[in-house]
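Chains, contacts and geometry: an overview
What follows is the residue order along each chain.
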Amino acid sequence: MNNIDTRNPELEGLAKCPTGIRGLDEITDGGLPAGRPTLVVGGPGCGKTMLAVEFLVRGATVYDEPGVFVAFEETAGDLAKNVASLGFDLNGLIAQKKMVIDHVHIDPAEIEETGEYDLEGLFIRLGHAIDSIGAKRVALDTIEVLFSGFMDHAVLRAELRRLFSWLKEKEVTAIITGEAGETTFSRYGLEEYVADCVIALDNRVVNQIATRRLRIVKYRGSAHGMDEYPFLIDADGFSVIPVTTLGLDHEVSSERVSSGIKDLDAMLGGGYYRGSSILVSGIAGTGKTSMAASFVNAACARNERCLYFAFEESEGQMIRNMRSIGIDLGPWIESGLLQIHASRPTVHGLEMHLAMMHKLVSEFQPDVVVVDPISNLISVGNGLQVRSMLTRLIDFLKSNQITALFNDLTQGGGAMQSTEVRVSSLMDTWLLLGYVEENCERNRVLSLLKSRGMAHSNQMRELILSDDGIHLTEVYAGTGGVLTGLNRLTGEAKTNAAEMRQTQDLDAGARAVRRRREALKATIAALRAEYESELDELDASIARERAQQIALEDDCSMDER
């Protein structure tokens, strides 16, 4: 019997070409459509050219797929200089025959729209470049320049289709960049209908804060992310954050990790769960940063890596301040176990902060992450936006089994058991720090509002910042309730004095008893001596009487004789 292949190639799924760009392959479910053109549109400065270049560079360096870049605006020299800041050596790739850069100069003033204009010259030129290095990837930047002298949409559509069909015939995966239109994704409103995949880049400014976002507008034959995703362009190139793909399917651990405070570990029954999220909230000055530093110090002592995002203090200031309570973070930074990233929240928008945190966590691979404080993010977004951003960050950290501590500044005078960004329900453990004011002094107190999955103390404990770290005092209750600070010291002094007096009274009573016992012993001894003396005299008297009786008996015997 003949072996007949009954598989339908159309049902096997679309072949994908991985871009090598962090996050983009995830939201495109594997990469761009292999052997097909992808249109990348956006306004000036949104990163279209950078995306196209990185697509070619990653292909040449990671996947051994040579590429051709056709520039209609920049020369090869200018392009190489512009992307050198990303660490891309285009000249080196050209020398290795892994890339070809061709600058095609087109002057719209020299083009006459005769209706007979076609792209045959470009096809010949591009085909030669592809064949010269066996290119698998192509980038055309930007397509509007190619058609800048034409206004007939029928001609444009026909030539666009011809261009895209030609690229498919060459079996190259292509990125074609284009400028965004006013009411359409592309300038002419035609390109997005011809392309198999359309990616829109956006560089928006809200409240004087810029945020770059990416969206997959369409992707024929493939599932893909539908949302807007923040992305970064930094020294390592593109980083796209596929935050909405995360779900509640992360693993959990029963391992405990120390909070860095022995007394708090006892209240928690052994410490936090590894991979859990901890919220420390309280008004200013209650010790939130000190608790975070203690947590980090303990983690580094266990040889764990820690990433600290600080929104209020610089690295140097934090190191200096924590030394006042006996915590020296400097050696951990020098050893590479601790990284502190200090910046004002207003440096970036919320999505950019999320993208940056995602990138740093992926690179540093920490065991512990601290964000101090999350309440400062309100300056770049409202409560709902901050909660959404933190939800995605928490899910990301949990999925990587990273223990995270979040500090939150609450406002004085309001309800302390609430957070401005409303994230307490997302946390596994919630610690509340506050003040008790009495007798002209303010004393810090700590209470455990919740700790999921573990038995924990319900006591309110006084928190003391000392030269050798943080301590929680034992609960001391007086007639008016729990006492702290001077009242506690006074109460303890009174208790100690009362206990001392009681001890002294007991000692005096014991001494009196001992004296009475000794006197009784002496009386008993005297009576015993007197008794024994009388007994001796009785014995002597009896002996004398017996002697006299014997003598009398002897005399009688002699008389009888």
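Residues numbered from 1 in each chain as written. Predicted model: local features only at pLDDT ≥ 70, side-chain atom pairs only at ≥ 80, totals over all residues. Heavy atoms only, no water.

1. Observations concerning the overall build of the protein chain
When helices and strands are tallied, the protein chain shows 15 helices and 24 strands. Evaluated residue by residue, the protein chain yields a buried proportion of 45% over its 561 residues. Summarising the internal contacts of the protein chain: among those between residues at least 6 apart in sequence, 71% fall at separations of at least 24. If you sum the accessible surface of the protein chain, you get close to 28300 Å²; carbon and sulfur atoms cover 50% of it. (Helix = DSSP H or I, 4+ residues; strand = E, 2+ residues; numbered from the N terminus. Buried < 20%, exposed > 50% of the residue type's maximum accessible area, 1.4 Å probe, protein only. Contact = heavy atoms within 4.5 Å. Areas by Shrake-Rupley, 256 points an atom, 1.4 Å probe, with all protein chains shown as cover.)

2. As for the packing of helix H13 (residues 350-364) against helix H14 (residues 383-399)
In helix packing, the relevant descriptors are the interaxial angle and the interaxial distance, both defined with respect to the helix axes. At their nearest, the axes of H13 and H14 sit 10 Å apart, and the two run at 10 degrees to each other. The angle between H13 and H14 falls in the class roughly parallel. Every residue of H14 that contacts H13 at Leu350, Glu351, His353, Leu354, Met357, His358, Val361 and Ser362 is listed here: Gln385, Val386, Met389, Arg392, Leu393, Phe396 and Leu397. (Axes fitted to C-alpha atoms, helices over the stretch in contact; angles between N-to-C directions. Parallel < 35°, antiparallel > 145°, perpendicular 65-115°, else oblique.)

3. What about the packing of helix H2 (residues 48-61) against helix H3 (residues 76-83)?
Running from amino to carboxyl end, H2 crosses H3 at an angle of 90 degrees, the nearest separation of the two axes being 11 Å. One finds that H2 runs roughly perpendicular with respect to H3. Here Thr49, Met50 and Val53 of H2 lie close against H3, whose contacting residues are Leu79, Asn82 and Val83. When the residues that make up the contact of H2 with H3 are grouped by side-chain class, the tally is four nonpolar, two polar and no charged. (Nonpolar A, V, L, I, M, F, W, Y, C, P; charged D, E, K, R; others polar.)

4. Notes on the sheet that holds strand S17 (residues 368-372)
Within the open sheet, the nine strands sit side by side as S16-S15-S17-S18-S14-S19-S20-S21-S22. Their pairing is mixed. Of all strands in the sheet, those bounded by a partner on one side alone are strand S16 (338-342) and strand S22 (469-472). Neighbour to neighbour, the strand axes of the sheet diverge by 20 degrees on average, direction disregarded. Note that strand S15 (residues 306-310) and S17 share five bridges and pair parallel. Within S17, the residue paired with Tyr308 across the bridge is Val370. Its contacts with the sheet place H13 against S15, S16 and S17, and it is angled at close to 160 degrees to S15. (Pairing = 2+ DSSP bridges.)

5. Focus on a negative patch on the surface
A cluster of like negative charges, contributed by Glu530, Glu532, Glu534, Asp536, Glu537 and Asp539, occupies part of the molecular surface. Relative to the helices and strands, Glu530 is located in helix H15 (residues 485-560). The class for Glu530 is partly exposed, based on a relative accessible area of 46%. (Patch = residues over 30% accessible without salt bridge, like charges linked within 9 Å, V, L, I, M, F, W, Y side chains within 5 Å. Salt bridge = Lys/Arg side-chain N within 4 Å of Asp/Glu carboxyl O. Lys, Arg positive; Asp, Glu negative; His and termini not counted. Charge placed at Lys NZ, Arg CZ, Asp CG, Glu CD.)

6. Brief notes about the sheet that holds strand S7 (residues 173-179)
Reading across from one edge, S5-S4-S6-S7-S3-S8-S9-S10-S11 is the order of the nine strands in this open sheet, with mixed pairing throughout. Only two strands of the sheet have a single neighbouring strand rather than two, namely strand S5 (99-103) and strand S11 (237-240). Looking at each pair of strands side by side, their axes are set apart by 20 degrees on average, direction ignored. The pairing of strand S8 (residues 197-206) with strand S9 (residues 209-219) spans ten bridges and is antiparallel. Bridge pairing in S9 links Ile199 to Ile216. Sitting on the sheet, H13 touches S9, strand S10 (228-234) and S11, and the angle it makes with S10 is about 65 degrees.

7. Observations concerning the pattern of salt bridges
A full pass over the atoms with the stated rule returns 21 salt bridges. In this structure, Arg274 and Glu255 form a salt bridge, with 3.0 Å as the shortest nitrogen-oxygen distance. Linking Arg274 in the loop between strand S13 (272-273) and strand S14 (277-282) with Glu255 in the loop between S11 and strand S12 (256-257), this pair joins segments that are 19 residues apart in sequence. Exposure remark for Glu255: the relative accessible area of 40% places this residue in the partly exposed category. In this structure, a network of salt bridges that share partners links the residues Arg36, Lys168, Asp196 and Arg220.

8. Overview of the nonpolar core
Nonpolar side chains tend to gather and get buried jointly when the protein is soluble and globular. Core analysis: the largest hydrophobic core is formed by 38 residues, its most contacted members being Leu264, Met291, Tyr308 and Leu329. It is helix H10 (residues 288-301) that contributes the most residues to this core, seven residues altogether. Each residue touching Met291, except ones within four places of it in the same chain, is listed here: Ser259, Ile261, Leu264, Val280, Leu431, Leu433, Leu446, Leu463 and Ile470. Within the second largest apolar cluster, 37 residues are counted, among which are Ile27, Ala60, Cys197 and Leu201. (Core = buried A, V, L, I, M, F, W, Y, C linked by side-chain atoms within 4.5 Å.)

9. Thoughts on the confidence of the model for the protein chain
Considering every residue of the protein chain, the mean pLDDT works out to 83; 84% of them sit at 70 or more. Across residues 1-11, confidence stays below pLDDT 50; counting only partners more than four residues off in sequence or on other chains, it has one contact. Below a pLDDT of 50 lies the segment residues 111-115, which in the model reaches seven contacts outside its immediate sequence neighbourhood of four places, other chains included. (pLDDT = per-residue confidence, 0-100.)

10. Considering the side chain of Ser457
Positionally, Ser457 belongs in the loop between strand S20 (441-451) and strand S21 (461-466). Classification of Ser457 by relative accessible area gives buried; the value is 16%. Apart from the residues within four sequence positions on either side, Ser457 is in contact with Met267 and Leu448.

11. Considerations on H13
Taking 1.5 Å of rise per residue, the 15 residues of H13 would be expected to cover 21 Å, and the 21 Å separating its terminal C-alpha atoms lies within 8% of that figure. With twelve of its 15 residues buried, H13 lies for the most part within the structure. Looking only at H13, the buried set comprises Leu350, Glu351, Met352, His353, Leu354, Ala355, Met357, His358, Lys359, Leu360, Val361 and Phe364. Of the residues one or two after H13, Gln365 is the one with positive phi, at around 55 degrees. (Expected span 1.5 Å × (residues − 1).)

12. Considering the pairing of strand S18 (residues 403-409)
Within S18, six of the seven residues are buried, which leaves the element mostly enclosed by the surrounding structure. Pairing geometry for S14 and S18, over six bridges, is parallel. Bridge pairing links Ile278 to Leu405 in S18. Inspection of the sheet shows S17 paired to S18 by four bridges, in the parallel sense. Pairing of Val368 across the sheet is with Thr403, part of S18.

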